[in-house]
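# Tertiary structure, described
Given next are the chains, with one letter for each unit.
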Amino acid sequence: MVTPFDGGAPVIKTVHLALRRNTGTLGHGLVALNGLTLSNSTYADSFDSNPTASPTGPWLVWSAGIAQNNASVVVLAGTVSIASGARVKGNLYLGAGVTAPPGGRVTGTITPGYSLTVPFPVYPTAAGVSQSYILGATIPATLPRTGDLPAADGRYYYFTSSTVSSFTVTASRNVTVVSTAGMTITSTTQIILPTTSTLHVFMTGAFTISGTSLNSAGYAGALRIYTSTSSACSIGNSTQVTAWFHAPNAALSATGGAATNSISGCFIAQTISAANSQNYHFDDSLPVYATYDMVRYMDFQSAADKATVAGLSGNYLQ
């Protein structure tokens, strides 16, 4: 309903849109564009961090007690190498020409000839958001800084040439960092992300983490890491990371034998490998790459049409 400023009669428009979820773009936990290697006794499985589908959580952390054999793994090209002791505990989707692994190494179904478009996000720009800050070569110890204001979408935007590391996100704040460098996380360069906050990182350099945790008690959708780099990215030993990781041009490797290792969320890379005790846990609650098309648009003009909408929506729309 639009009410004219001159006091004229309101303009009322009622429409009905029907959407269709596209097949072939459903959520996947691992997407390897050009090859997957699971060595030793490594595996990919799944869990549901939010079984009640609450928009505010709380989100569960992966554990053996809630693990499920519902991994969704995609290999669009290259080779699939799954060691005799390794497993895809779920379904495997293979691009045209990709040879399936030996029988018994995938607990679910294997779908050949699979196609998937993996969109890469458009990076935020200072000109494209209503409020942002240029940090230069140094990231403050706490983000957002006192006195900084969010953009219209509620996020705090920061642009930097610094490596993304060594800061704390304030509780209940949503921060976006755009960097022309990479992201390096160690025991001395940690990022602290409260479970009530979110952090989105857009960068051009490599991602590396070892010997520490990153969002280990949080929701993978709260930490989104995008990089355009073609340099190798790595997850080292004694590491717990929960994230939505997107590096379509890079090789992603995970190695290390510590029992505390944990990699949860979803991971997209050019190639993906795991060795020793590094396992990938797909979070089923992530709506990864679910896209929709509008298949019907109806403009309701008569009272009878609008009454139909009222009936469908419990009189919420009328």
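What you see is a predicted model, and the numbers here were worked out from it, not measured in a lab. (Residues numbered from 1 in each chain as written. Predicted model: local features only at pLDDT ≥ 70, side-chain atom pairs only at ≥ 80, totals over all residues. Heavy atoms only, no water.)

Helices and strands together make up the secondary structure of the protein chain, namely one helix and 25 strands. C-alpha atoms of the protein chain, sized along the principal axes, occupy 70 × 50 × 35 Å. Looking at the 318 residues of the protein chain, the share that counts as buried comes to 45%. Pairs at least 24 residues apart make up 53% of the contacts formed inside the protein chain by residues separated by at least 6 positions. Counting every atom, the protein chain has about 14700 Å² of accessible surface; 55% of that belongs to carbon and sulfur. Charged side chains in the protein chain number 12 positive and 10 negative. The centres of these two groups are separated by 7 Å. (Helix = DSSP H or I, 4+ residues; strand = E, 2+ residues; numbered from the N terminus. Buried < 20%, exposed > 50% of the residue type's maximum accessible area, 1.4 Å probe, protein only. Contact = heavy atoms within 4.5 Å. Areas by Shrake-Rupley, 256 points an atom, 1.4 Å probe, with all protein chains shown as cover. Lys, Arg positive; Asp, Glu negative; His and termini not counted. Charge placed at Lys NZ, Arg CZ, Asp CG, Glu CD.)

Right, let's talk about the confidence of the model for the protein chain for a bit. Chain-level statistics for the protein chain give a pLDDT mean of 90 and a share of 90% at 70 or above. Under a pLDDT of 50 for its full length, residues 21–25 has, in the predicted model, 17 contacts with residues more than four places off or in other chains. (pLDDT = per-residue confidence, 0-100.)

Turning our attention to the pairing of strand β12 (residues 156–160). With five of five residues buried, β12 lies mostly within the body of the structure. Residue alternation in β12 divides its side chains into two sets, Tyr156, Tyr158 and Thr160 and Tyr157 and Phe159, and both sets are buried. Examined bridge by bridge, β12 and strand β14 (residues 174–179) share five bridges and lie parallel to one another. Of the residues in β14, the one forming a bridge with Tyr157 is Thr176. (Pairing = 2+ DSSP bridges.)

Turning our attention to the nonpolar core. In this structure, Met183, Leu199, Phe207, Leu214 and Tyr280 are the most contacted members of the largest nonpolar core, which totals 54 residues. With seven residues, the single largest contributor to this core is strand β22 (residues 240–254). Counting residues in each nonpolar core, the second largest holds 23 residues, with Tyr93, Ala151, Phe202 and Ile268 among its members. (Core = buried A, V, L, I, M, F, W, Y, C linked by side-chain atoms within 4.5 Å.)

Before going further, it helps to spend a moment on unusual backbone geometry. Of note, the amide linkage connecting Gly57 to Pro58 takes the cis form, showing an omega dihedral of 5°. With respect to the element layout, Pro58 can be found in the loop between β4 (43–47) and β5 (71–75). A cis amide bond links Leu143 with the next residue in sequence, Pro144, at an omega value of -5°. Structurally, Pro144 can be placed in the loop between β11 (142–143) and β12. Residue Ser238 is not a glycine yet carries a positive backbone phi of 55°.

This model, assessed by the stated rule, comprises one salt bridge. A salt bridge links Arg145 to Asp148; the shortest N-O distance between them is 2.8 Å. According to the relative accessible area criterion, Arg145 is partly exposed, its value standing at 31%. Relative accessible area serves as the criterion here: at 12%, Asp148 is assigned to the buried category. (Salt bridge = Lys/Arg side-chain N within 4 Å of Asp/Glu carboxyl O.)

With that settled, consider the pairing of strand β17 (residues 198–203). In terms of burial, β17 is a largely internal element, six of the six residues being buried. A two-sided burial pattern is seen for β17, the buried positions comprising Thr198, His200 and Phe202 on one face and Leu199, Val201 and Met203 on the other. Across five bridges, β17 lies against strand β20 (residues 223–227) in parallel orientation. The partner of His200 across the bridge, within β20, is Arg224.

Enumeration according to the criterion identifies two cavities of 30 Å³ or more in this entry. Approximately 50 Å³ is the volume found for the largest cavity. Forming the walls of the largest cavity are Gly29, Leu30, Ala44, Asp45, Ala71, Ser72, Val73, Gly265, Phe267, Tyr280, His281 and Phe282. Those elements giving two or more residues to the lining of the largest cavity turn out to be β4, β5, β23 (262–274) and β24 (280–283). Considered class by class, the residues forming the lining of the largest cavity number seven nonpolar, four polar and one charged. Here the second largest cavity is characterised by a volume of approximately 30 Å³. If you go around the second largest cavity, the residues you meet are Phe47, Leu60, Val61, Trp62, Ser216, Gly218, Thr242 and Ser264. Residue composition of the lining of the second largest cavity, by class: four nonpolar, four polar and no charged. (1 Å grid on protein atoms, 1.4 Å probe; cavity = no way out; pocket = protein on both sides within 12 Å on 5 of 7 lines; lining within 4 Å. Points joined across faces, edges and corners; volume = space filled by probe spheres on them. Nonpolar A, V, L, I, M, F, W, Y, C, P; charged D, E, K, R; others polar.)

Position of Ser72 among the secondary structure elements: in strand β5. Within the structure, Ser72 has its side chain in polar contact with the side chain of His28 (distance 2.6 Å). Each residue touching Ser72, except ones within four places of it in the same chain, is listed here: Gly27, His28, Gly29, Leu30, Asn91, Tyr93 and Phe282. (Polar contact = N/O pair within 3.5 Å; in protein donor to acceptor, adjacent residues only side chain to side chain.)

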